[in-house]
Amino acid sequence: MKRDDKKMGWIRVLLLIFPYVIILAIFQTIAYVIGGISFEEELQKTSLQSFIITIATLLATLTVLYLFMRFVEKRKFKELGLKIKDRGFDFLAGIIIGLIVMATGFFLLVVLDEINVENFNLDLQEILLSIGVFMAVSISEELLCRGYIQRNLMYSFNNYIALIVSSLLFALAHSFNPNLSWIALAGLFGAGILLGLSYIYTKNLWFPISLHFSWNLFQAYFGFNVSGQEFYSIVEFNIAEENILNGGKFGFEASIFSLILQIALILLIFKYYQKRKHLAENS
């Protein structure tokens, strides 16, 4: 840690906000023009248009963070947590956990008659575009929220305070999404804790990136909205009555079952890394 990191960590987070908003607006405006998207009315975007916007968002995030790492922190960009050596297991674990959570939620809600499957829709182009969308989203949000914000807050504060604050910011960043509810907001905060916990121990982003990607992708594929927004789904179902069991129009993240699974995963991840830390200290 550099000598001024403790004092400057939280200040750098504040300094990031204005330039990030400006550069993001510029990149997304360009994306709207390229994608032929109307500025005047909020229509349902095509998968290609969503892909163009998320790529623009990723490029804006990469641009701002590169400039801040290069000229403000004077560090290498990969120090955000992008070292890939020996991270294959982390990436695979994130993919598998996201799939298990969404499959568990889906089949549980089917058994409880909370959702009724109507159709299956396989479209290779849509599958490829959705993979691109959710990968771009996960890389962009994890670089920003965990790689930059949480890391800098960890310089200035206790690791767990930094985790809580960055998770609150993560939830607030999604608070303008459609169909938001109190349980959806709690789920977003829980997701921030879940995604950021491993970063405390590893300072690496590949597990949160893969879990974030898998969580969103399979949530969409199983027919749920993702954070209140509609995406291509392989499974198509209807909900008889929106409630805290099925998550309604916000998606599975607004389900009480999602919160329970998040808490279980947070406890398991915490126990896993505490055990590894104990073994390392006694080896």
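Since this is a predicted model, take the numbers as computed values, not measurements.

**Observations regarding the overall build of the protein chain**
- Each helix and strand counted, the protein chain has 8 helices and 2 strands in total.
- Overall, the protein chain shows an N-to-C arrangement of helices and strands of α-α-α-β-α-α-α-α-β-α.
- By the compact-globule yardstick of 19 Å for 283 residues, the protein chain fits well, its C-alpha radius of gyration being 19 Å.
- Across the 283 residues in the protein chain, those meeting the buried criterion constitute 48%.

**Structural notes on the UniProt feature "domain: CAAX prenyl protease 2/Lysostaphin resistance protein A-like" (unreviewed entry) in the protein chain**
- As recorded in UniProt, the sites labelled "domain: CAAX prenyl protease 2/Lysostaphin resistance protein A-like" (unreviewed entry) are residues 126-218.
- With 86% helix and 0% strand, the stretch residues 126-218 has end C-alpha atoms that lie 14 Å from each other.

**A few points about a nonpolar patch on the surface**
- On the surface, Trp10, Leu14, Ile17, Val21, Phe157, Ile161, Val165, Leu169 and Leu172 cluster together into a nonpolar patch covering about 800 Å² of accessible area.
- Looking at the nonpolar patch, the elements that each hand over two or more residues are α1 (5-35) and α5 (159-173).
- As for its placement among the helices and strands, Ile17 is situated in helix α1.
- When its relative accessible area of 49% is taken as the criterion, Ile17 is described as partly exposed.

**Comments concerning the pattern of salt bridges**
- Within this structure, the stated rule accounts for 6 salt bridges.
- Between Arg12 and Glu73 there is a salt bridge, with its nearest N and O atoms 3.7 Å apart. Here Arg12 is found in helix α1, whereas its partner Glu73 is found in helix α2 (residues 47-73), with 61 residues between them in sequence.
- Owing to a relative accessible area of 2%, Glu73 belongs among the buried residues under this scheme.
- The residue Glu79 makes a salt bridge to Arg75 at a minimum N-O spacing of 3.6 Å.
- Using a relative accessible area of 11% as the deciding quantity, one classes Arg75 as buried.
- Each of Arg12, Glu73, Arg75, Glu79 and Arg151 takes part in salt bridges that share partners, so that together they form one network.

**Focus on helix α8 (residues 256-281)**
- Look at α8: 38 Å from first C-alpha to last across 26 residues, which is about the 38 Å you get at 1.5 Å a residue.
- Turning to α8, its buried residues number three or more, namely Phe257, Ser258, Leu259, Gln262, Leu265, Ile266, Ile269 and Tyr273.
- Packing partners of the buried residues in α8 comprise α3 (88-111), α6 (182-202) and α7 (206-221).
- Near the N-terminus of α8, the side chain that reaches the backbone nitrogen of Phe257, with its oxygen 3.0 Å away, is that of Ser255.

**What to know about the packing of α5 against α6**
- Across the interface, α5 lies against α6 with an axial gap of 8 Å and an inter-helix angle of 140 degrees. The orientation of α5 relative to α6 falls into the category oblique. Between α5 and α6 lies a crossing whose hand is right-handed. Only Leu185, Leu188, Phe189, Ala191, Gly192, Ile193, Leu195, Gly196, Leu197, Ile200 and Tyr201 of α6 make contact with α5, whose side of the interface consists of Asn159, Tyr160, Leu163, Ile164, Ser167, Leu168, Phe170 and Ala171.
- Across the contact of α5 with α6, the residue classes tally to 15 nonpolar, 4 polar and no charged.

**A few points about the packing of aromatic side chains**
- Within the structure shown, the criterion is met by 14 aromatic pairs.
- For the ring pair Phe224 and Phe252, a centre distance of 5.5 Å and an interplane angle of 45 degrees mean the geometry is tilted. Remark: Phe252 occurs in the loop between β2 (235-239) and α8 and Phe224 occurs in the loop between α7 and β2; sequence separation between them is 28 residues. Taken individually, Phe224 and Phe252 each receive the classification buried, so the pair is uniform in this respect.
- When the ring of Tyr272 is compared with that of Tyr273, the centres are 4.9 Å apart and the planes differ by 75 degrees; the resulting orientation is edge-to-face.
- A relative accessible area of 37% places Tyr272 in the partly exposed class.
- Note on Tyr273: relative accessible area 7%, which makes it buried.
- Among the aromatic residues, those joined into a cluster by ring pairs are Phe106, Phe107, Phe222, Phe224, Phe237 and Phe252.
- Over the ring of Phe170 we find Arg146, and its NZ or CZ is 4.6 Å from the ring centre.

**Considering α5**
- In a regular helix each residue adds 1.5 Å, so 15 residues correspond to 21 Å; α5 covers 21 Å between its end C-alpha atoms and thus fits that length.
- Those residues of α5 lying buried are Ala162, Leu163, Ser166, Ser167, Phe170 and Ala171. Each buried residue of α5 lies within a common arc of 165 degrees when the element is viewed along its axis, so the set occupies one face.
- Tucked into the core, α5 has its buried residues touching α4 (124-156), α6 and α7.
- The distance from a side-chain oxygen at the start of α5 to the backbone nitrogen of Tyr160 is 2.7 Å, and the residue carrying that oxygen is Asn158.

Rules used in this analysis
Residues numbered from 1 in each chain as written. Predicted model: local features only at pLDDT ≥ 70, side-chain atom pairs only at ≥ 80, totals over all residues. Heavy atoms only, no water. Helix = DSSP H or I, 4+ residues; strand = E, 2+ residues; numbered from the N terminus. Rg over C-alpha atoms; globule rule 2.2 N^0.38 Å. Buried < 20%, exposed > 50% of the residue type's maximum accessible area, 1.4 Å probe, protein only. UniProt positions renumbered as here; feature names shortened; annotations may be inferred. Patch = residues over 30% accessible without salt bridge, like charges linked within 9 Å, V, L, I, M, F, W, Y side chains within 5 Å. Areas by Shrake-Rupley, 256 points an atom, 1.4 Å probe, with all protein chains shown as cover. Salt bridge = Lys/Arg side-chain N within 4 Å of Asp/Glu carboxyl O. Expected span 1.5 Å × (residues − 1). Contact = heavy atoms within 4.5 Å. Polar contact = N/O pair within 3.5 Å; in protein donor to acceptor, adjacent residues only side chain to side chain. Axes fitted to C-alpha atoms, helices over the stretch in contact; angles between N-to-C directions. Parallel < 35°, antiparallel > 145°, perpendicular 65-115°, else oblique. Left-handed = near helix turned anticlockwise from the far one by under 90°. Nonpolar A, V, L, I, M, F, W, Y, C, P; charged D, E, K, R; others polar. Phe/Tyr/Trp six-rings, centres within 6.5 Å; stacked < 30°, edge-to-face > 60°. Lys NZ or Arg CZ within 6 Å of the ring centre and 35° of its normal. Arc of directions from axis to C-beta.

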